[in-house]
Amino acid sequence: MSDRPIHDSEAKWQEKWEKEGVYRAEDRTFPDQPHPNPLLRKERGSKFYGLIEFPYPSGDGLHVGHPRSFTAIDIFTRKRRMEGKNVLYPIGWDAFGLPTENYAIKTKTAPAIVTAQNIANFTRQLKSLGLGFDWSREVSTADPAYYKWTQWQFLQFVKAGLAYKAKSTINWCPKDKIGLANEEAQGGVCERCGTAVEKREKEQWMIKITKYAERLLKDLDTVDYLDRIKTQQVNWIGKSEGATIRFQVSGFRFQDGIEVFTTRPDTISGATFLVIAPEMAEAWMRDGWEPSEEVEKYVAMASRRSEQERAGAEREKGGVSSGLKTINPATKKEIPIWIADYVLASYGTGAIMAVPAHDERDDAFAKKFHLPGIFVCTREKDWSLEKAVNRSIEWLEKEGVGKRATTYKLRDWVFSRQRYWGEPIPLVHCESCAKKKQKVLLIHGFEGSAESNWFPWMKQELEKHGFEVFLPTLPDSSHPKFEEWMAALEPIIKQFGEDDIIVGHSLGGRSILHLLSRLKKRIGHVYLIAPAVWEKPLNWNEIKKDPNWEGSDVDTFRVFHDHAVSWEDARPYADRKTIIFSDDDPYVPVQDHSTIPAGWFIQTLHQKGHFNHTEYPELLELILQSKNTGWIPLPDDQLPLKLPEVEAYEPTDTGESPLAKIRLWVETTCPKCGGKAERETDTMPNWAGSSWYFLRYCDPHNDREFASPEKLKYWMPVDLYNGGMEHTTLHLLYSRFWHKFLWDMGYVPHECGSEPYRSRRSHGLILAQGGEKMSKSKGNVVNPDDVVAKYGADVFRIYEMFMGPFDQAVPWDTNGIEGVKRFLDKVWGLFNVGAIHELPLPDDGLQILYHQTVKKITDGIDQLQFNTCVSQLMILTNGFQDAGGVPEEYREGYLKLLAPFAPHLTEEIWRTQLSHKDSIHRSSWPSYDPTKIKSATFELVIQINGKVRDRITVATDIAEDEAKEVVLKSEKVLTWLAGKSPQKIVYVPGKLISIVV
RNA sequence: GCCCGGGUGGCGGAACUGGUAUACGCGGCGGACUUAAAAUCCGUAACCCGAAAGGGUGUGAGGGUUCGAUUCCCUCCCCGGGCACCA
């Protein structure tokens, strides 16, 4: 018997597979309509998209943890391929990031060069493992052809008003000299180096992920994630429902009072004082409040303290009286206002009402500062908590002192990094554009006027914010003539430019589409509010009968409406385009991107009616997002904005990115006005490029779009996504959010669904031999290269699957791997013993074992139970060995079951010994015969008083009476019964008989 | 403190909707082959009592439901992970 071929054979097949394109995914067209609920959609159509978190190509090379996840999904996708699916299993590089930059600083090598070297090494390592990646789709986030689209997508956030620059307190790591997101500074220490973070004020780009909090929470119901992953997401989003209550402040010149958030408004009578966060007090001081010296001292001290110190071990509550008083609206009693840092500025409203009787923290604070803690229970004894809360909110709303409110722990995403090795943020700051006065044109609808609905209010509000507002009453709006309206509007728009804004309601919204495509003039931002553009052709006879339209001149409206509009034609002439629907509108139903082409940002406000009220603060808020800040997006044709080459990568002590030092790069011209402008010097975080890479895999070489809608429609959503638990809060949340936004914009086709991952699983860590974490400093790191060199890839793969349950942490065991090697040696031996004509014929036992194994592997892989799959394959292998060989009729099936686990060895046997031309990995998955899984007889277990006393072999289909009869005759049973008669006999078919005496 | 996991032989771990606890692998022990060793193969193995047949005990601890509990319920202990002054 020859030795099992390893290294030469493995390398040979790896090359051959690549040449033959065995793992190449084939782009096809979208075959069928997916079910609207992704959970029920299952794996639709002919495709299967399996995804692993693309690795960060660190200088240390592949860790043994990477192959655990990669091999698992490799096995899964190989099986799907053999089941006839068109499989996409791609690989790429999360290539931007700090370690590379730090290495570059140390060695004075360009990060791009370091990255290229690391990628080459990772590629070599991954290829040596025989993973069935489609290498033709390889992407790298640091490749300008890739980050062009990361930048472009970021600009879509800017244009939709979801990105903004704000001065915020950031977590500053003094060692790495970098601002960290809250998520990266958990526990008050830097995630990377463990140094305690400081608080610093810095202008940062932020993305409004909080706007998506509710959807990110609710849509978890539509995906199949591991429960603990869902739980972590839910906790991270941290929704709480309750009320905001406004407390009037006597003697303070800000008339708005103080708003607090509480989940227990029913306890308001017990509120004996208010507490505000020091940051709030600081803000008041900036606005002119002059507190006592003591307060000033306290606030200054609190702002110096880091989050970590504030949340520190003892949690000794500090605070100071503000000297201000307010009135408890329930008891009408005067209560004091305190300032204390146990109240967080960033949660709720930054202020609380303290109810010592109900809240431990308030109680501790009250005791320490000798504040009153009266207990007044407003809750009727038999009310549930929910009812009490609801009643109290009703009372607050009736009194006009408070209202129902929901808050989330989730904060906006701090998107800026003051570092070199990341995507440059493609914005320039133009002083002269910032100063320009912007025009707004408000267009009313059918039967409207400058005095109707919310127009007068909106005009006034916008003027307060410095806009020049045009609000014409259009001719004869009850009997609108198309050309007359156009003639009234066109001269106004002719004065408009790329900074200006048009807002149209209903028929006015429809008119915007006409105006843009007629005038072909570029406008800044258009808002179509419940635009009179319907998804389906209108049935005019029905409209005439509709009571909502009663008394209206439907015929004239119809003539106007017959002038066709096109979303597509209008699209190029407005830089930003927002459509707003009300979700309960009698005239205009909510539309989505199945009818409106990509590029329009569709928002649905939870409003009743057709926007006929006099005030809409939400609309105002949206329009104010178009207010020019002087930050100008680069036009698409100037993307990618490439990272300039620099000599020194050190971040600066001032907190600015190294890019700020390159004046030649920073100084540029404004793409809008052509004047002098300066580039943004911050770069994007790692989370940016990894938020959409799964979309790029669908169409990795596209240079006109980040991915074509056709390809996205075919491949998305990802069917199975596996990654580490360390990414279940941040990466998973960010990428879900990013994807939802692109979906909202229509760039991800509607058919894909708004959730990127149909299912998400997680693998456990691989620990070092003793059970502790692997780390370089402990010197207990196992290098995959060494394992592959010694045993080959097949053994390495199977060992990693066999170690323990996939989702649990397991320690590496040098001895354990030997068993796997023996297993594959045995397999090889089975195909090398004697001549083929000496093969045994299958007996009953072997037949059952084979069919059971097929079933077990078929189900087991789908459930990611790889460890038990391997043991079952070992059992079958032992069975064949005992029988003296593999019976002819099981040879191919057996090999195929093994193929996903040991792709090289099985291919070697398949092609060399069984003389197949095509790869085993493109063969079909074996099936089993359910009737051959059960044996004709089984061992009936006999229990007497719960103890096993005998076993009798009986026919599988034995009847209950017959079984009982046989059992009661058994000698052992008679002995144990000792003459007594059974009180009860329980029969479990196919299993046992339990006799109670 | 709160929320998730998880505690099964010497070790990694199996056990379907409650139904023979310890599959498979490692390691151990005994044997075969060999001059010898390695490799391979065969056998053995939870613990206690017993020469054996056999009996008893046993899935972190205690209790409960059940003819029957690793599995379901209650209380508690330990380990791992996440969140943590979130009003």
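Just so it is clear, the model here is predicted, and its values are computed rather than measured.

A. Layout of the overall build of chain A. Helix and strand content of chain A: 35 helices and 35 strands. Every one of the 997 residues in chain A was classed for burial, and the buried ones make up 55%. Surface summary for chain A: the accessible area is close to 43500 Å², and the carbon and sulfur share equals 49%. Side chains of chain A give 128 positive and 140 negative charges; the mean places of these two sets differ by 1 Å.

B. Inspection of the pairing of strand S29 (residues 759–763) at higher detail. The buried fraction of S29 amounts to 5 of the 5 residues, a majority that puts the element mostly inside the structure. Every second residue of S29 is oriented toward a common face, with Ser759, Arg761 and His763 on one face and Arg760 and Ser762 on the other, all of them buried. Where strand S8 (residues 224–225) and S29 come together, 2 bridges link them in parallel fashion. The residue bridging Tyr225 from the neighbouring strand is Arg760, located in S29. Judged from the 4 bridges that link them, strand S28 (residues 720–724) and S29 form a sheet pairing that is parallel. The partner of Gly724 across the bridge, within S29, is His763. Following the backbone out of S28, through helix H26 (residues 730–744) and into the adjacent parallel S29, one traces a crossover that is right-handed.

C. Spatial organisation of the packing of aromatic side chains. The final tally for this structure, using the stated rule, is 63 aromatic pairs. Plain terms: the ring middles of Tyr146 and Trp692 are 4.4 Å apart, the flat faces sit at 20° to each other, and that makes the pair stacked. Of this pair, Tyr146 sits in helix H6 (residues 144–159) while Trp692 sits in the loop between helix H23 (686–689) and helix H24 (693–696), and the two are 546 residues apart along the sequence. The pair Tyr146 / Trp692 is uniform in exposure class, with both members buried.

D. Here's a closer look at empty space enclosed by the protein. If you walk through the whole model with that rule in mind, you get 1 cavity of 30 Å³ or more. What the largest cavity holds in volume is close to 30 Å³. Taken together, Arg4, Pro5, Ile6, Ser9, Glu10, Asp794, His904 and Leu905 form the lining of the largest cavity. Taken together, the elements giving at least two residues each to the lining of the largest cavity come down to helix H1 (7–20) and helix H33 (903–913). Class assignment for the residues of the lining of the largest cavity results in 3 nonpolar, 2 polar and 3 charged.

E. Fine view of helix H29 (residues 816–830). Helix length check: H29, at 15 residues, gives a terminal C-alpha distance of 22 Å against a target of 21 Å (1.5 Å per residue), a fit within 8%. What H29 keeps buried is the set Ile817, Val820, Phe823, Leu824, Val827, Trp828, Gly829 and Leu830. Buried residues in H29 make contact with helix H27 (784–791), helix H28 (793–802), helix H31 (866–883), helix H32 (891–898) and H33.

Cut-offs used in this document
Residues numbered from 1 in each chain as written. Chains lettered and ligands numbered in written order. Predicted model: local features only at pLDDT ≥ 70, side-chain atom pairs only at ≥ 80, totals over all residues. Heavy atoms only, no water. Helix = DSSP H or I, 4+ residues; strand = E, 2+ residues; numbered from the N terminus. Buried < 20%, exposed > 50% of the residue type's maximum accessible area, 1.4 Å probe, protein only. Areas by Shrake-Rupley, 256 points an atom, 1.4 Å probe, with all protein chains shown as cover. Lys, Arg positive; Asp, Glu negative; His and termini not counted. Charge placed at Lys NZ, Arg CZ, Asp CG, Glu CD. Pairing = 2+ DSSP bridges. Right-handed = clockwise from strand over helix to strand, strands pointing away. Phe/Tyr/Trp six-rings, centres within 6.5 Å; stacked < 30°, edge-to-face > 60°. 1 Å grid on protein atoms, 1.4 Å probe; cavity = no way out; pocket = protein on both sides within 12 Å on 5 of 7 lines; lining within 4 Å. Points joined across faces, edges and corners; volume = space filled by probe spheres on them. Nonpolar A, V, L, I, M, F, W, Y, C, P; charged D, E, K, R; others polar. Expected span 1.5 Å × (residues − 1). Contact = heavy atoms within 4.5 Å.

By themselves, these observations are geometric and do not establish any function.
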